[in-house]
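Results of the structural survey
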Amino acid sequence: MSTAIRPAWSADLEERYTDILERAGDAVPCLEWAFHLPWIDAIRQLKRERGAVIMAHSYQSPEIFHGVADITGDSLALAQAAATVDHDVVVMCGVHFMAETTKILSPQRTVLIPDLDAGCSLASSITPEDVRVLRARHPGAPVVTYVNTSAAVKAESDACCTSANALQVVESMGADKVIFLPDQFLGRHVASMTQVELVLWQGRCEVHEQFTAQQVRHARERFDAQVIAHPECPPEVLDEADFVGSTTAMGAWLERERPARVALITECSMGDNLRSRFPDIEFVKPCNLCPHMKRITLPKIFDCLRDLQHPVEIDRDTSHRARTALERMLAVGRRDRV
Ligand code: 13P
Ligand code: SF4
């Protein structure tokens, strides 16, 4: 909970922030704005005073995504932005591995995360020692690591990838066999599209692993909805989907296909944040909340900027080796199959 005194409501806030209210649409219940707008106003002021920039992942709550974030996007877009950002202070409204990635790519900046416990089940599924054991078991096979990992695991890797370029990074290694870590479902999805043999790990996203093929069929049959799924979902869910892609690719697909109804098989805020861009499309359930993303709140962002807490620190050697792996990914860029 924030230690700050809750900023007061004033009648002009709704008028001053009509653009935010419009962008968020009905993703935020209107009664909640009386709580959010004073925090949004206070954060925007503090952000200017600190010379800070706020980044938010597509899974971040709409009042943060639309209310205070300057840079938004999927993991790849945030990493690309991190490599070029020129503000003294960067606040990452995402999870811890995203803040680490930002710090690795922008070591001279102060990178803050509003809640240190915003983790990720994929990142906590694997240790640097696990990677070394796999390398010893598969001599010569390069290691491609999903960005949803700790800096220390990235440092043991040859290249990183995100869901937007996993296939291309794997194929860019020029090897017959690649160790692909740690998401087994993303790994199986990539393996289904390449001749490269993949050695997989047993990591899973605790949010996406919960979706079932039955839910997808229900969305299609009950609502006549098109179904688009994130590749962290189980294979039987991906088999049922009309399109599989990263969070940015989902937006691009909607732009192109313009279905009447769609089910986004991913984190719930994704649909909330896209809705106002596509007023003609009806977004139907199911979706699941990421408890880690949801640890980030407006009061915690305020505290974070006021006290410059919690700065991400990574030792030089780990940071240097992880950066090499991240830069190899950035050289491949974005190659979603849209
Ligand atoms: P993107 O790679 O599509 O951003 O999604 C990864 C994810 O699950 C972030 O938590
Ligand atoms: Fe990690 Fe899944 Fe949450 Fe993304 S949605 S941060 S992969 S637990």
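Cut-offs applied
- Residues numbered from 1 in each chain as written.
- Chains lettered and ligands numbered in written order.
- Predicted model: local features only at pLDDT ≥ 70, side-chain atom pairs only at ≥ 80, totals over all residues.
- Heavy atoms only, no water.
- Near = heavy atom within 4 Å.
- Nonpolar A, V, L, I, M, F, W, Y, C, P; charged D, E, K, R; others polar.
- Helix = DSSP H or I, 4+ residues; strand = E, 2+ residues; numbered from the N terminus.
- Polar contact = N/O pair within 3.5 Å; in protein donor to acceptor, adjacent residues only side chain to side chain.
- Contact = heavy atoms within 4.5 Å.
- Buried < 20%, exposed > 50% of the residue type's maximum accessible area, 1.4 Å probe, protein only.
- Phe/Tyr/Trp six-rings, centres within 6.5 Å; stacked < 30°, edge-to-face > 60°.
- Lys NZ or Arg CZ within 6 Å of the ring centre and 35° of its normal.
- Core = buried A, V, L, I, M, F, W, Y, C linked by side-chain atoms within 4.5 Å.
- Pairing = 2+ DSSP bridges.
- Right-handed = clockwise from strand over helix to strand, strands pointing away.

**Quick word on the site of ligand 2**
- Taken together, Tyr-59, Val-95, Cys-120, Ser-121, Leu-122, Asn-148, Cys-205, Val-207, Glu-232, Cys-290 and His-292 are the residues near ligand 2.
- Per-class residue counts for the shell around ligand 2 are 7 nonpolar, 3 polar and 1 charged.

**Considerations on the side chain of Thr-145**
- When you line up the elements, Thr-145 lands in strand β5 (residues 143-146).
- Of note is the side chain of Thr-145, whose polar atom sits 2.5 Å from the side chain of Ser-157.
- Dropping the residues within four chain positions of it, Thr-145 is found in contact with Val-153, Ser-157, Ala-159, Cys-160, Cys-161 and Leu-181.

**Quick notes on the environment of Asn-148**
- Along the chain, Asn-148 turns up in the loop between β5 and α8 (151-155).
- Residue classification places Asn-148 among the buried residues on the basis of a relative accessible area of 6%.
- The spatial distance from the C-alpha of Asn-148 to the C-alpha of Ala-225 is 30 Å, given a sequence separation of 77 residues.
- Not counting the four nearest positions on each side in its chain, Asn-148 is found in contact with Phe-97, Cys-120, Leu-122, Ala-123, Pro-182 and Glu-232.

**Some words on the packing of aromatic side chains**
- By the definition in use, this model includes 2 aromatic pairs.
- With a centroid separation of 5.8 Å and 15° between ring planes, the pair formed by Phe-243 and Trp-253 is classed as stacked. A residue pair is termed long-range when its members are at least 10 positions apart, and Phe-243 in strand β10 (residues 243-244) and Trp-253 in helix α13 (residues 247-257) qualify at 10 residues. Each member of the pair Phe-243 and Trp-253 is classed as buried.
- Sitting over the face of the ring of Phe-223, Arg-222 holds its NZ or CZ atom 5.0 Å from the ring centroid.

**Here's the deal with the nonpolar core**
- Within the largest apolar cluster, 95 residues are counted, with the highest numbers of intra-cluster contacts made by Ile-54, Val-91, Phe-180, Leu-254 and Ile-301.
- Contacts of Val-91, omitting those with residues within four sequence positions, involve Val-53, Ile-54, Met-55, Leu-112, Pro-114, Ile-301, Cys-304 and Leu-305.
- Judged by nonpolar contacts, the second largest core, of 14 residues, contains Phe-211, Val-227, Cys-233 and Val-237.

**Regarding the pairing of strand β8 (residues 197-200)**
- Sheet topology note: the strand β7 (residues 177-181)/β8 ladder contains 4 bridges and is parallel. Bridge pairing in β8 places Lys-177 opposite Glu-197.
- For the crossover from β7 across helix α10 (residues 184-191) to β8, the handedness is right-handed.

**Here's the deal with unusual backbone geometry**
- The omega torsion of the bond from Leu-181 to Pro-182 falls at -15°, within 30 degrees of zero and hence cis.
- In this fold, Pro-182 is placed in the loop between β7 and α10.
- Geometrically, the link from Gln-309 to His-310 is a cis peptide bond, its omega value of -15° lying close to zero.
- Following the sequence through the fold, His-310 ends up in the loop between α15 (298-307) and α16 (316-332).
- Unusually for a residue other than glycine, Asp-224 sits at a positive phi of about 55°.

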